[in-house]
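# Inside the fold
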Amino acid sequence: MEASPLREINVGGELITTSIYTLTKVPESKLANLFVNPKTKVEYDKYGRVFIDSNPIIFRELLAWLQYDGSYKIPEEYRSRVLQELGRWGVENFETKNN
């Protein structure tokens with residue numbers, strides 16, 4: 001049986017389901033390494049899901065930005081925090097010209 005392309009992750013205590021494709025869209029990023037590099041230190045919750053210590057609202061905005069190849073318009077109220085999060089995960093240079 002083939003592995004599911006979907007991943008359920010725990011972000012700040014909230015479960016978020018997204019595709020492995022979205023999580024690894026920027027291959028050399030810290031975010032992608034959580035899911036593809038076995039040497040990367042990963043935290044897990046008690047159910048074995050990857051745990052990301054972040055604000056789930058901001059992280060959802062980051063995922064939307066990746067899903068739309070950087071063309072997603074980040075809401076102004078979250079913009080500065082999302083840009084910080086992009087930098088934290090090493091995906092900030094991915095198509096930032098549209099934001």
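Residues numbered from 1 in each chain as written. Predicted model: local features only at pLDDT ≥ 70, side-chain atom pairs only at ≥ 80, totals over all residues. Heavy atoms only, no water.

## What to know about the overall build of the chain
Selection rule: Segments assigned H or I by DSSP are reported as helices when at least four residues long, segments assigned E as strands when at least two residues long, and all are numbered from the N terminus. Contacts are residue-level and defined by heavy atoms, with any inter-residue pair within 4.5 Å sufficient. His is not counted here, nor are the chain ends, while Lys and Arg score as positive and Asp and Glu score as negative. Charge coordinates come from a single atom per side chain, which is NZ of Lys, CZ of Arg, CG of Asp or CD of Glu.
A count of helical and extended segments in the chain gives four helices and three strands. Ordered by position from N to C terminus, the α and β elements of the chain give β-β-α-α-β-α-α. The C-alpha extent of the chain, read off along each of the three principal axes, is 40 × 25 × 25 Å. Sequence separation of 24 or more characterises 58% of the internal contacts of the chain that already satisfy a separation of 6 or more. Side chains of the chain carry 13 positive and 14 negative charges; the gap between the two charge centres is 3 Å.

## Overview of the packing of helix H3 (residues 56–67) against helix H4 (residues 79–88)
To keep things clear, this is the line we draw: Between N-to-C directions, angles span 0 to 180 degrees; the directions come from axes that are lines fitted to C-alpha atoms, helices contributing only their stretch in contact. Each angle is binned into one of four classes, with values under 35 degrees roughly parallel, values over 145 roughly antiparallel, values of 65 to 115 roughly perpendicular, and all other values oblique. Each residue receives one of three labels: charged for Asp, Glu, Lys and Arg, nonpolar for Ala, Val, Leu, Ile, Met, Phe, Trp, Tyr, Cys and Pro, and polar for the others, Gly being one of them.
Two elements in contact, H3 and H4, have axes whose closest approach is 9 Å; the angle formed by their N-to-C orientations is 70°. By the criterion of interaxial angle, the relationship of H3 to H4 is roughly perpendicular. Of the residues in H4, those in contact with Ile 58, Phe 59, Glu 61, Leu 62 and Trp 65 of H3 are Arg 81, Val 82, Glu 85 and Leu 86. Of the residues belonging to the contact of H3 with H4, the class tally is six nonpolar, no polar and three charged.

## Observations regarding the packing of aromatic side chains
Inclusion rule: Note on aromatic contacts: the rings of Phe and Tyr and the six-membered ring of Trp form a pair at centre separations within 6.5 Å, being stacked when their planes are under 30 degrees apart, edge-to-face when over 60 apart, and tilted otherwise. Burial classes: relative accessible area under 20% of the type maximum marks a residue as buried, over 50% as exposed, and values in between as partly exposed (1.4 Å probe, protein chains only). Sitting over a ring, as applied to charges here, requires NZ of Lys or CZ of Arg to be within 6 Å of the ring centre and within 35 degrees of the ring normal.
Following the criterion strictly, the structure yields two aromatic pairs and no others. For the pair Phe 59 and Trp 89, a centre-to-centre distance of 6.4 Å together with 80° between the ring planes defines the contact as edge-to-face. Here Phe 59, found in helix H3, pairs with Trp 89, found in the segment after H4; they are 30 residues apart in sequence, far enough to count as distant. With respect to burial, Phe 59 and Trp 89 carry one shared label: buried. Judged by centre distance (6.3 Å) and plane angle (25°), the rings of Tyr 68 and Tyr 72 are stacked. Between Lys 30 and the ring centre of Trp 89, over which it is positioned, the NZ or CZ distance is 5.4 Å.

## Considering the side chain of Asn 10
Within the secondary structure, Asn 10 is located in strand E1 (residues 6–11). Residue classification places Asn 10 among the buried residues on the basis of a relative accessible area of 9%. Contact partners of Asn 10, with chain neighbours within four places excluded, come to Leu 15, Asp 45, Arg 49, Val 50, Phe 51 and Ile 52.

## Observations concerning the sheet that holds strand E2 (residues 14–19)
Remark on secondary structure: sheet strands pair via backbone hydrogen bonds, oriented parallel or antiparallel. So the rule is basically this: Any two strands are treated as partners once DSSP identifies two or more bridges connecting them.
With mixed pairing, three strands are arranged side by side in an open sheet as E2-E1-E3. Where the open sheet ends on each side, the last strands, each with one partner, are E2 and strand E3 (51–52). Pairing of E1 with E2 involves six bridges; the strand directions are antiparallel. In the sheet register, Leu 6 faces E2, and the bridge partner there is Ser 19. Here H3 sits on the sheet and contacts E1, E2 and E3; the angle it forms with E2, its principal contact strand, is near 5°.

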